[in-house]
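# Geometric and topological summary
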Amino acid sequence: EFDMEIFKAFTKGYLESASSFLTPVEKENLPYAVALFPFMQAVRFFADYVNGDTYYRIAYPEHNLVRTRNQMALFRSVMAHKAEMETFIATL
């Protein structure tokens with residue numbers, strides 16, 4: 001599950017340091033950046049699964065498929081908090 005409190009703490013600290021060089025569009029798109037990481041990882045796990053599990057070490061035959069599903073669940077959880085993340089960023 002996505003943890004909004006961790007997002008708030010990280011984002012507050014990040015923006016305190018990076019606000020001087022980030023554009024408004026970059027700040028507005030932080031929620032998409034957060035969602036992009038689990039999505040990209042899901043694609044990587046799934047591609048490895050489809051290609052015969054040659055990149056990531058696996059413990060059982062469908063390990064990368066399970067990883068894919070977990071990353072997609074995290075992606076959906078992040079996206080479910082999108083409005084809340086946008087509101088929080090706007091307050092900083």
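Refer to the preceding data block for the structure.
All residue numbers refer to position in the chain's written sequence, counted from 1. Under the rules for a predicted model, residues below a pLDDT of 70 receive no local features and side-chain atom pairs below 80 are neither given nor counted, while totals for whole chains, interfaces and linings still include all residues. As a rule here, side-chain values come from all non-hydrogen atoms in the structure, and water together with hydrogens is ignored.

Before going further, it helps to spend a moment on the side chain of Asp48. Following the sequence through the fold, Asp48 ends up in helix α3 (residues 30-50). Exposure categories follow from relative accessible area, calculated using a 1.4 Å probe and restricted to protein chains: below 20% of the type maximum is buried, above 50% is exposed, and the middle band is partly exposed. Think of it this way: Lys and Arg go in the positive column, Asp and Glu in the negative one, and His and the chain ends go nowhere. Salt bridges are identified by distance alone: a Lys or Arg side-chain nitrogen within 4 Å of an Asp or Glu carboxyl oxygen. Summary of buried charges: Asp48 has no salt-bridge partner, and the nearest side chain of opposite charge, Arg67, is 5.9 Å away. A distance of 2.9 Å separates polar atoms of two side chains, one belonging to Asp48 and the other to Asn64. Once residues lying within four places of it in the same chain are set aside, the contact partners of Asp48 are Asp53, Thr54, Tyr55, Tyr56 and Asn64. Helix and strand assignments come from DSSP, with helices taken as H or I runs of at least 4 residues and strands as E runs of at least 2, each series counted from the N terminus. Polar contact is defined as a pair of N or O atoms within 3.5 Å, subject to the rule that within protein one atom must be able to donate a hydrogen and the other to accept it, and that residues adjacent in sequence are counted only when both atoms are side-chain atoms. Residue contacts are defined here by distance: any two heavy atoms, one from each residue, within 4.5 Å place the two residues in contact.

Once that is clear, we can look at the packing of aromatic side chains. Between rings of Phe, Tyr and Trp, where Trp is taken as its six-membered ring, a pair exists when centres lie within 6.5 Å; planes separated by under 30 degrees are stacked, by over 60 edge-to-face, and by other angles tilted. The tally for this structure, following the rule as stated, stands at seven aromatic pairs. With 6.4 Å between their ring centres and 65° between their planes, Phe7 and Phe88 make a pair best called edge-to-face. In this pair, Phe7 is assigned in helix α1 (residues 4-18) and Phe88 in helix α5 (residues 82-91), connecting sequence segments 81 residues apart. Phe7 sits in the buried class, given a relative accessible area of 5%. Every member of this aromatic cluster is reached through a ring pair, and the members are Phe2, Phe7 and Phe88.

What follows covers the nonpolar core. Nonpolar cores are built from buried Ala, Val, Leu, Ile, Met, Phe, Trp, Tyr and Cys residues. Side-chain atoms within 4.5 Å join them into one set. With twelve residues, the main nonpolar core is built from Phe2, Met4, Phe7, Leu15, Ala18, Leu22, Leu30, Ala35, Val78, Met85, Phe88 and Ile89. Breaking this core down by element, the ones donating at least two residues are α1, α3 and α5. When residues of this core are assigned to their parent elements, the largest contribution, four residues, is made by α1.

Between the first and last residue of a helix there are one fewer steps than residues, each counted as 1.5 Å, and that sum is the expected span. Here α3 contains 21 residues, and its C-alpha end-to-end distance of 31 Å stays within 8% of the 30 Å for a straight helix at 1.5 Å per residue. Leu30, Pro31, Ala35, Pro38, Ala42, Phe45 and Asp48 are the residues of α3 that are buried. Structurally, α3 contributes buried residues whose contacts are with α1, α2 (24-28), α4 (63-80) and α5. Once α3 ends, the next one or two residues include Gly52, with phi positive near 95°.

Shape is all these values report; function is a separate question.
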